[in-house]
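Analysis of the macromolecular model
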Amino acid sequence: MKIAVIGASGHIGSAVVREARERGHEVTAVARDASSLGGGVDADVLDHESIAEVLAGHEAVVLAVKGPETVPAAVRTLIDVLPGVGVRRLLVVGGGGSLEHAPGQRFVDSPNFPKEYLAEARAQGEALELLRAEGGALDWSYASPPPVHLVDGERTGAYRVKAGDTPIGGPDTRITVPDFAAALVDTLEERAFVRERFTAGY
Ligand SMILES: NC(=O)c1ccc[n+]([C@@H]2O[C@H](COP(=O)([O-])OP(=O)(O)OC[C@H]3O[C@@H](n4cnc5c(N)ncnc54)[C@H](OP(=O)(O)O)[C@@H]3O)[C@@H](O)[C@H]2O)c1
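Residues numbered from 1 in each chain as written. Predicted model: local features only at pLDDT ≥ 70, side-chain atom pairs only at ≥ 80, totals over all residues. Heavy atoms only, no water.

**Some thoughts on the site of the ligand**
How we decide: If even one non-hydrogen atom of a residue comes within 4 Å of a molecule or strand, that residue is called near it. Residues adjacent in sequence count toward polar contacts only when both atoms are side-chain atoms; beyond that, a polar contact is any pair of N or O atoms within 3.5 Å, and within protein one must be able to donate a hydrogen and the other to accept it. For accessible areas, the Shrake-Rupley method is used with a probe of radius 1.4 Å. Any residue's cover is judged against the shown protein chains and nothing else. A cavity, in this analysis, means grid points on a 1 Å lattice covering only the protein atoms where a 1.4 Å probe fits yet has no way out; a pocket is instead an open set bounded by protein on both sides within 12 Å along at least five of seven lines, and a residue lines either one if it has an atom within 4 Å of a point. To be counted as sitting in a cavity or pocket, a molecule needs more than half of its atoms within 2 Å of that site's grid points. Each helix is a run of H or I in the DSSP string that is no shorter than four residues. Each strand is a run of E no shorter than two, and both are numbered from the N terminus. Residue polarity is assigned by list, with Asp, Glu, Lys and Arg as charged and Ala, Val, Leu, Ile, Met, Phe, Trp, Tyr, Cys and Pro as nonpolar; anything else, Gly included, falls into the polar class.
Near the ligand you find 28 residues, and of these Ser9, Val65, Gly96, Glu120 and Gln124 are the closest. In the model, an oxygen atom of the ligand is placed 2.8 Å from a nitrogen or oxygen of the Arg32 side chain. One of the backbone N or O atoms of Pro146 is found 3.1 Å from a nitrogen atom in the ligand. Starting from 920 Å² of accessible surface for the ligand in isolation, the protein chains cover 82%. For the ligand, the cavity whose grid points lie within 2 Å of the majority of its atoms is the largest pocket. Mapped onto the shell around the ligand, the elements with two or more residues apiece are helix H1 (11-22) and helix H4 (118-134). A per-class count over the shell around the ligand returns 15 nonpolar, eight polar and five charged.

**Describing the packing of aromatic side chains**
How we decide: Any pair of Phe, Tyr and Trp rings, taking the six-membered ring for Trp, is counted once the centres come within 6.5 Å. Such a pair is stacked with planes under 30 degrees apart, edge-to-face with planes over 60 apart, and tilted for the rest. Note on exposure labels: buried denotes an accessible area under 20% of the residue type's maximum, exposed denotes more than 50%, and partly exposed covers the range between, all computed with a 1.4 Å probe on protein chains only.
Applying the stated criterion across every chain yields a total of one aromatic pair. Both rings, one in Phe193 and one in Phe198, keep their centres 4.5 Å apart while their planes meet at 10°; by these two values the pair is stacked. Phe198 shares its class with Phe193; the two are buried.

**Examining the nonpolar core**
The criterion, for reference: Here, nonpolar core refers to any group of buried Ala, Val, Leu, Ile, Met, Phe, Trp, Tyr and Cys residues whose side-chain atoms link them within 4.5 Å. The contact definition used throughout considers only heavy atoms, calling two residues in contact when any of these lie within 4.5 Å.
Ranked by internal contacts, the top residues of the largest apolar core, which has 30 residues, are Val5, Val16, Val62, Leu91, Val93, Phe180 and Leu184. For this core, the elements supplying multiple residues, two or more each, are strand S1 (2-6), H1, strand S2 (26-31), strand S4 (60-63), strand S5 (89-93), helix H5 (177-190) and strand S12 (196-201). The biggest single contributor to this core is H5, with eight residues. With sequence-adjacent residues up to four places away left out, Val5 is seen in contact with Gly13, Val16, Val17, Val27, Thr28, Ala29, Val30 and Val62. In terms of nonpolar packing, the next biggest core, distinct from the first, is built from 29 residues, Leu55, Leu82, Leu130 and Trp140 among them.

**Quick look at the layout of surface pockets**
Heads up, the condition is: Grid points are joined across faces, edges and corners, and a volume is the space filled by probe spheres set on the points.
In this structure, the largest pocket encloses a volume near 860 Å³. Within the residue set of the lining of the largest pocket, elements represented by two or more residues are H1, S2 and H4.

**Regarding the sheet that holds strand S3 (residues 40-42)**
Worth spelling out the cut-off: When DSSP locates at least two bridges between a pair of strands, those strands are taken to pair. What counts as an axis is a line fitted to C-alpha atoms, over the stretch in contact for a helix, and the angles between N-to-C directions run from 0 to 180 degrees.
Spatially, the eight strands line up as an open sheet ordered S3-S2-S1-S4-S5-S8-S12-S10, and their pairing is mixed. Single-partner strands in this sheet number two, and they are S3 and strand S10 (160-163). Shown here is a sheet whose adjacent strand axes are inclined to one another by a mean of 25°, direction ignored. For S10 and S12, the ladder comprises four bridges, and the chain directions are antiparallel. By the bridge assignment for S12, Arg160 is matched with Gly201.

**Brief notes about helix H3 (residues 70-81)**
Stated precisely, the cut-off is as follows: For a helix, the expected span equals 1.5 Å multiplied by the residue count minus one.
Between its terminal C-alpha atoms H3 stretches 16 Å, which fits the 16 Å expected from 12 residues at 1.5 Å a residue. Along H3, the residues classified as buried are Val71, Pro72, Ala74, Val75, Thr77, Leu78, Ile79 and Val81. Buried residues in H3 make contact with S1, helix H2 (48-55), S4, S5 and H4.

In structure tokens, the structure reads:
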């Protein structure tokens, strides 16, 4: 599959690039400063014209950027740009804070949610709402790691995935970055979770 990964120099994006290449996919690594990466292209996801040019001809796009302002704006841009360049499949590396611990009760709104992740988690919640409201022309998927614990560690291959708004396991559930990346590439290969949020964990 020909896959573009936006945020390819980042913590999660680089793991997705590695996993996809190891499985034999053709990967374009995109970031504002990606030319030093193998197969890298410099482009700002918020610049409609240049990102459209870079993404044309891909079968799937993975968005793995960070920043409370950048994340919803990037999703908005891709909703606007992808149909025009013939790309339907979009996989957004999302947040876990908007998962729910009880119906309608998000982790990010609970008093003990870590303050340092609040702004990012709220922005990630906005991005999910945007996809649900306005992503109808795309085959989008939104991947939530556990609410807090996406951790460094080994690729075990022992993760589980499921659709929906609740985490696998309790609030302290965790997954390693390489296992999360593997779950993302599985999702592309299997065309799973189309127009759904899903989560991964042990
Ligand atoms: N438990 C959780 O819920 C959890 C935990 C961790 C991460 N996450 C989510 O996962 C996502 C990725 O996190 P991360 O830790 O991998 O981030 P990161 O290491 O900061 O990487 C972000 C990547 O995005 C690129 N980027 C930033 N702005 C861009 C733009 N305007 N255009 C193109 N590329 C841009 C950066 O490269 P340049 O600066 O060169 O452009 C970099 O490659 C975030 O949205 C975060 O919310 C969730």
